Every structure is written in structure tokens, then in C-alpha cells.
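Fold and geometry: a report
Each chain, letter by letter, is given below.
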Amino acid sequence: MSDLASSVPSPDDPADPRGRSTDASGHDPLAEVIADLADLAGVAGLVEQAAPLDDSEPTAHTIAALLGAPTTSSAELADAVAWCYDDAALPLLLPLVRHDDPRVRRAVAQALPSVLGEAPPDETVRALLTLSADEDDDVRDWACFALGTQLSEVDTPMVRDALAARLDDPHDDTRCEALLGLARRRDERALPVLRERLSRDNVFSLEIDAAGALGHSSLHTPIRGHLAGWDDDVVARVCAALRLTDPDGVGDDLLDGLAEWFRTGAPHATDEDRYWWTVTLQVLEHAEYRAPEIAEQVHDRLTGSEPSTTLMLASRLAQLAGDHGWPRWSPSR
């Protein structure tokens, strides 16, 4: 374990009056991070007094200033953390996982994926695993969203088990985010839960999303029973889930429409002919792993048209398919 990971306090660590933990020798790792940031900025007085937040995006130095000022309120700290996108703030946020105020912990769960940057995800994932079992509903909700969707490329038994542990959470959003996270990883534990949820008269849109992400054909008929009553912004997601669970595939209309789009030069976003590409993007938002299947069938439809095939092989669809093992795509294109 790195020094950074060891700075996250354990439940048995003594806490100082401001809620920061120290180790057995009285050493405060967070204070060192704050001091280092102040030295790097050349503003030794920065941590003496926190400047009022303005409309600009909070940075690592903003967070350091707030943490270093004894008058900083939890609400002010939570607001700054929640809207911080500065990668340099990551070592400041990780120790706040065990902050006394749930507003701060919720903000940390919200911000961690945004400040991860190019850092290895291990410590961030460990922090979110802790937050996914928090006593506060909103904290668990944001942590499950971060683990389940924002960091869906992180697929380990610990992450899956943490999400599975929330499948019967009393908080609706937390439970749904956990279910979606499992479905995105195609974990078999999601299937019986989805069958039961979709058998009800009323379902959540995230449960429909999860059914699409899992893509099991046994969920197609249950989804058809929930096509009506959605707001306009949800309808496309429900239709995508219906295609993804169809035992006959995502639909010839979509594949034919995509092929025609490439034949006509794959118009820009301002062109009306973009419709089938928009539908495809919604399908892949649910289940990116279906990209090879879609790409191959569109490629077959373009046989004999070299310009269209070349355009297709250089497209975002081909790249997504290549990311999931489609052999026709080459990074050199």
C-alpha cells in the first residue's frame, strides 16, 4: 500500500477536533499534502485564511485553503469538493472519505471520478467501496453511481460484490445504481433481480437501463410491458433497451439505416440523416460491448462499396468495436 493510501484513516484512528485523523505518532498526512500545495504555489499564507468561493471552478488550492482554515464550514467544504475537477485535488479528497459530515462524504463520492485523471484507480475505488456502504442514503447513491457507471471499466470481484450488497438497499436510487453497475458488468446476479423488478406495475428508468445493459433476451417481453408513460427524455433509453434484449438482434432498420448513413458520407451532426447514428449511440450507451456485432453487420451491408467501407472502418463505431475485440479495426486508420 502506498503512502497515499495509508493516509486514509481507519475507523480506529483518533480524530482531531476538525475531523482529520492522525496516526499513532500524531502525524497528520493531510496537513502535509496541504503544506506541499502551498509551497508549490508559492503562497505560504494560502492555508492561513480561506478565500471566499467565487464562480470559478474550485481547484486543489481552493480545497487546501478551505481545509487549512479553522473557520471553514462543512457546507462550504462540501460545495467546493463537489464541483472540483482538478486532478491535483485527489490526495486531498481521499482522506475526506471518513469526514464527520455526510454532505462532505457525498461530495467526495461525487468528485472522485472527476479528479482521478491518469492516476491508478485503486485508491479511488477503495474509497468509493467504503462510501458505498455509508450510513447516509445520498452518499451510497453517489458512490454506487461512481462505481457502477462512471468507473464501469473497473471490473473486480470486490467492486461487483459491493454493488451486489446494495441490491436490496432501502434507498431507491442507490439500489438502482447498484443494479445498473452489475448489469454493465454482465454479472449474473442482476438477472433474477431484473426479472422480479420488471414484473411489477411500476419500474424505475434505471431498471430499464440495466435490462438493456445486461441484454438478456428473457427481459425483452417484460420491457415491452413498460413502453408507455415515460417522459420524452427517457423514451429513447427504453427503446434502446428493447433493441438490446431482442432475441433477433438490434434490428435491421437500425443496421440498414447506419449502412445508408455511411454510403451518403456519414453527414455531420447538423444533418438530418444523422438519425440512425443517434439511435446507435443510445444503444451503445447502454451496452458498448455490442459494438462488434453492430459494426460487423454494417460492414457486411457495405460490401462492394470501398469508399463507404473505408469511412466506416475509420469511424467511432469501428473504434468502439475494436476496443471490444473486433478484428477489422486498426488503430492506424
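The numbering scheme is per chain: residues are counted from 1 as the chain's sequence reads. Totals for whole chains, interfaces and linings use every residue, but because this is a predicted model, local features are given only for residues with pLDDT of at least 70 and side-chain atom pairs only at 80 or more, for both listing and counting. The side-chain numbers reported here are obtained from all heavy atoms of the structure, hydrogens and water having been left aside.

1. Focus on the layout of surface pockets
With a probe scaled to a water molecule rolled over the atoms, the places where space remains empty come into view. Space inside and on the surface of the protein is sampled on a 1 Å grid over the protein atoms alone, with a cavity defined as a set of points where a 1.4 Å probe fits but cannot get out and a pocket as an open set with protein on both sides within 12 Å along at least 5 of 7 lines; lining residues have an atom within 4 Å of a point. Grid points are joined across faces, edges and corners, and a volume is the space filled by probe spheres set on the points. Estimates place the volume of the largest pocket at around 380 Å³. What lines the largest pocket is a set of 17 residues, and nearest its centre among them are Ser152, Arg184, Leu284, Glu288 and His324. A run of H or I in DSSP counts as a helix once it spans at least four residues, and a run of E counts as a strand once it spans at least two, with each numbered from the N terminus. Of all the elements in the fold, those that place two or more residues in the lining of the largest pocket are helix H16 (275–286) and helix H19 (316–323). A class-by-class count of the residues in the lining of the largest pocket yields 5 nonpolar, 3 polar and 9 charged. Here the nonpolar group is Ala, Val, Leu, Ile, Met, Phe, Trp, Tyr, Cys and Pro; Asp, Glu, Lys and Arg are the charged ones; every other residue, Gly included, is treated as polar.

2. Brief notes about the packing of aromatic side chains
Aromatic ring pairs are described here by two measures, namely the spacing of the ring centres and the angle between the planes. When the centres of two rings from Phe, Tyr and Trp lie within 6.5 Å, Trp using its six-membered ring, the rings pair. Their planes under 30 degrees apart give stacked, over 60 give edge-to-face, and anything left gives tilted. Summed over the entire model, instances satisfying the criterion amount to 4 aromatic pairs. Taking 5.9 Å as the distance between ring centres and 75 degrees as the angle between the ring planes, the aromatic pair formed by tryptophan 142 and phenylalanine 145 counts as edge-to-face. Separated by 3 residues within a single helix, tryptophan 142 and phenylalanine 145 lie in helix H8 (residues 137–150), roughly one turn from each other. Three labels apply to residues, based on accessible area from a 1.4 Å probe with only protein chains included: buried if under 20% of the type maximum, exposed if over 50%, partly exposed otherwise in between. The class for tryptophan 142 is partly exposed, based on a relative accessible area of 29%. Residue class for phenylalanine 145 comes out partly exposed when judged on its relative accessible area of 23%. Residues tyrosine 275 and tryptophan 276 carry aromatic rings whose centres are separated by 4.9 Å and whose planes lie at 75 degrees to one another, so their mutual orientation is edge-to-face. Ring-pair connections join several aromatic residues into one group, and the members of that group are Trp261, Phe262 and Trp277. Here, a charge over a ring means that NZ of Lys or CZ of Arg falls within 6 Å of the ring centre while also lying within 35 degrees of the ring normal. The ring of tyrosine 289 is capped by arginine 186, whose NZ or CZ atom sits 3.7 Å from the centre of that ring.

3. Brief notes about helix H6 (residues 102–115)
Taking 1.5 Å of rise per residue, 14 residues should cover 20 Å, and H6 covers 20 Å from first to last C-alpha, within 8% of that figure. A residue's bend is simply the angle between two axes: one fitted to the seven residues ending at it, one to the seven starting at it. The sharpest bend along H6 reaches about 30 degrees and sits at alanine 109, with the proline proline 113 one to four residues further on. Residues of H6 that are buried include every one of Val104, Arg105, Ala107, Val108, Ala109, Gln110, Ala111, Leu112, Pro113 and Val115, and no others. For this analysis, residues touch if any pair of their heavy atoms sits within 4.5 Å. Looking at the buried residues of H6, the elements they touch are helix H4 (74–82), helix H5 (90–93), helix H7 (122–131) and H8. Expected helix span is given by 1.5 Å per residue-to-residue step, counting one fewer step than there are residues.

4. Notes on unusual backbone geometry
Positive phi outside glycine occurs at arginine 186, with the angle close to 55 degrees. Structurally, the position occupied by arginine 186 is in the loop between helix H10 (172–184) and helix H11 (190–198). When its relative accessible area of 47% is taken as the criterion, arginine 186 is described as partly exposed.

5. What to know about the confidence of the model for the protein
As a note on interpretation, predicted positions should not be read in detail where pLDDT is low. When the pLDDT values of the protein are averaged, the result is 86; 82% of them are 70 or greater. Known as pLDDT, the predictor's confidence for each residue is given on a scale from 0 to 100. Taken together, the stretch residues 1–53 has pLDDT below 50 and engages in 71 contacts with residues farther than four places along the chain or on a different chain.

6. Some details on the packing of helix H9 (residues 157–164) against H10
Running from N to C, H9 and H10 point in directions that differ by 145 degrees, and their axes come no closer than 8 Å. The two elements H9 and H10 meet at a crossing, and its hand is left-handed. Taken together, the residues of H10 that come into contact with H9 (itself represented by Arg160, Leu163 and Ala164) are Ala178, Gly181 and Leu182. For the contact of H9 with H10, the class distribution of residues is 4 nonpolar, 1 polar and 1 charged. Fitted lines through C-alpha atoms serve as axes, helices being fitted only where they are in contact, and the angles separating the N-to-C directions of these axes extend from 0 to 180 degrees. For a crossing to be left-handed, the near helix must be turned anticlockwise from the far one by less than a right angle; the clockwise case is right-handed.

7. Comments concerning H11
Every α-helix winds through 3.6 residues per turn, so residues three or four apart in the chain are directed the same way. The set of residues buried in H11 consists of Ala190, Leu191, Val193, Leu194, Arg197 and Leu198. For H11, the arc enclosing every buried residue in end-on projection is 160 degrees, short of the 170-degree limit, so these residues lie on one face. Structurally, H11 contributes buried residues whose contacts are with H10, helix H12 (205–214) and helix H13 (220–224). The directions considered for the arc run from the helix axis to the C-beta atoms.

8. Observations regarding the environment of alanine 111
Tracing the backbone through its elements, the reader meets alanine 111 in helix H6. Using a relative accessible area of 0% as the deciding quantity, one classes alanine 111 as buried. Taking the C-alpha atoms as reference points, alanine 111 and alanine 82, 29 residues apart in sequence, are found 5.3 Å from one another. Setting aside residues no more than four positions away along its own chain, alanine 111 makes contact with Val81, Cys84 and Leu93.

9. A look at the side chain of histidine 171
Mapped onto the elements of the fold, histidine 171 is located in the loop between H9 and H10. Classification of histidine 171 as buried rests on a relative accessible area of 17%. Of note is the side chain of histidine 171, whose polar atom sits 2.7 Å from the side chain of threonine 174. Non-local contacts of histidine 171, meaning those with residues more than four positions away in its chain, are made with Asp137, Asp138, Arg140 and Asp141. Polar contact is the term for a pair of N or O atoms within 3.5 Å; when the atoms are in protein, one must be able to donate a hydrogen and the other to accept it, and sequence-neighboring residues count only if both atoms are side-chain atoms.

10. Description of the nonpolar core
The set of buried Ala, Val, Leu, Ile, Met, Phe, Trp, Tyr and Cys residues whose side-chain atoms join them within 4.5 Å is what this entry labels a nonpolar core. With 68 residues, the main nonpolar core has Val81, Leu93, Leu112 and Leu128 as its most contacted residues. Here this core gets 7 residues from one element, more than from any other, and that element is H6. In this structure leucine 93 touches Ile63, Val81, Val108, Ala111, Leu112 and Val115, once residues within four positions along its chain are discounted. Within the second largest apolar cluster, 28 residues are counted, among which are Leu258, Ala259, Leu284 and Leu317.

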